[in-house]
Amino acid sequence: EYLVDILQDEAPDRDVDDDEDEEEEDDERAFWIEGPGGEEIRSRFRGQPVHVLAENALLHPVATNLPPSAQAAYVQAALKVFIRACLDVDTAMLQRVVEVLRTKMGVFMQSMHAEVQERAATFRRLLSKFDILT
């Protein structure tokens, strides 16, 4: 629910043809969907990095109240967001994403559910192996 609120809260409520009229408003919104022409994916949402917000939402401790299959999917999605962040953001912003992972991954590694624990531990191990998390 928290993730859905973040992603839907400020969804663009305009037609694609209105680009020129609302260009200034677009700068404060995030677009995670790449258009058919390969339009630029924007990485800011309300002045904050969208990757950090997504990682915070996916790895929020409240997510541990979800069914195990949803928790496992959230951890897997966090890995995908991290990979995308590596492509989208500069080093300073990537450090913020890594800090979210460092502080929030432990809850999922201690899960009572094997699938959740395995995905979180594997993700953490991958980050350690590449000296991203120590």
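Before any of the text, the structure's been laid out above.
In this model helix α5 (residues 91-109) runs 26 Å from its N-terminal to its C-terminal C-alpha over 19 residues, within 8% of the 27 Å that 1.5 Å per residue would give. Taking the largest bend as the criterion, α5 deviates by roughly 35°, centred on T103. Looking at α5, one finds that the buried residues are M93, V97, V98, V100, L101, K104, M105 and F108.

Let us look at the packing of aromatic side chains. Going through the model one piece at a time under the given rule, you end up with one aromatic pair. Ring centres 6.3 Å apart and planes at 55° place the aromatic pair F82 and F123 in the tilted group. Of this pair, F82 sits in helix α4 (residues 68-88) while F123 sits in helix α6 (residues 114-129), placing them 41 residues apart in sequence. Comparing F82 with F123, the two get one shared label, buried.

Attention now moves to α4. If you check α4, its first and last C-alpha atoms are 30 Å apart, about what 21 residues at 1.5 Å a residue would give, namely 30 Å. All buried positions along α4 are accounted for by Q71, A72, Y74, V75, A78, L79, V81, F82 and A85.

Before going further, it helps to examine the packing of α5 against α6. Two elements in contact, α5 and α6, have axes separated by 8 Å at closest approach and are oriented at 145°. In this structure, α5 meets α6 at a crossing whose hand is left-handed. Along its contact with α5, which presents L101, M105, F108 and M109, the element α6 presents V116, Q117, A120, A121, F123, R124 and L127. Within the contact of α5 with α6, the residues separate by chemical class into nine nonpolar, one polar and one charged.

What counts as what
Residues numbered from 1 in each chain as written. Predicted model: local features only at pLDDT ≥ 70, side-chain atom pairs only at ≥ 80, totals over all residues. Heavy atoms only, no water. Helix = DSSP H or I, 4+ residues; strand = E, 2+ residues; numbered from the N terminus. Expected span 1.5 Å × (residues − 1). Bend = angle between axes of the 7 residues up to and from the residue. Buried < 20%, exposed > 50% of the residue type's maximum accessible area, 1.4 Å probe, protein only. Phe/Tyr/Trp six-rings, centres within 6.5 Å; stacked < 30°, edge-to-face > 60°. Axes fitted to C-alpha atoms, helices over the stretch in contact; angles between N-to-C directions. Left-handed = near helix turned anticlockwise from the far one by under 90°. Contact = heavy atoms within 4.5 Å. Nonpolar A, V, L, I, M, F, W, Y, C, P; charged D, E, K, R; others polar.

These values are about where atoms sit, not about what they do.
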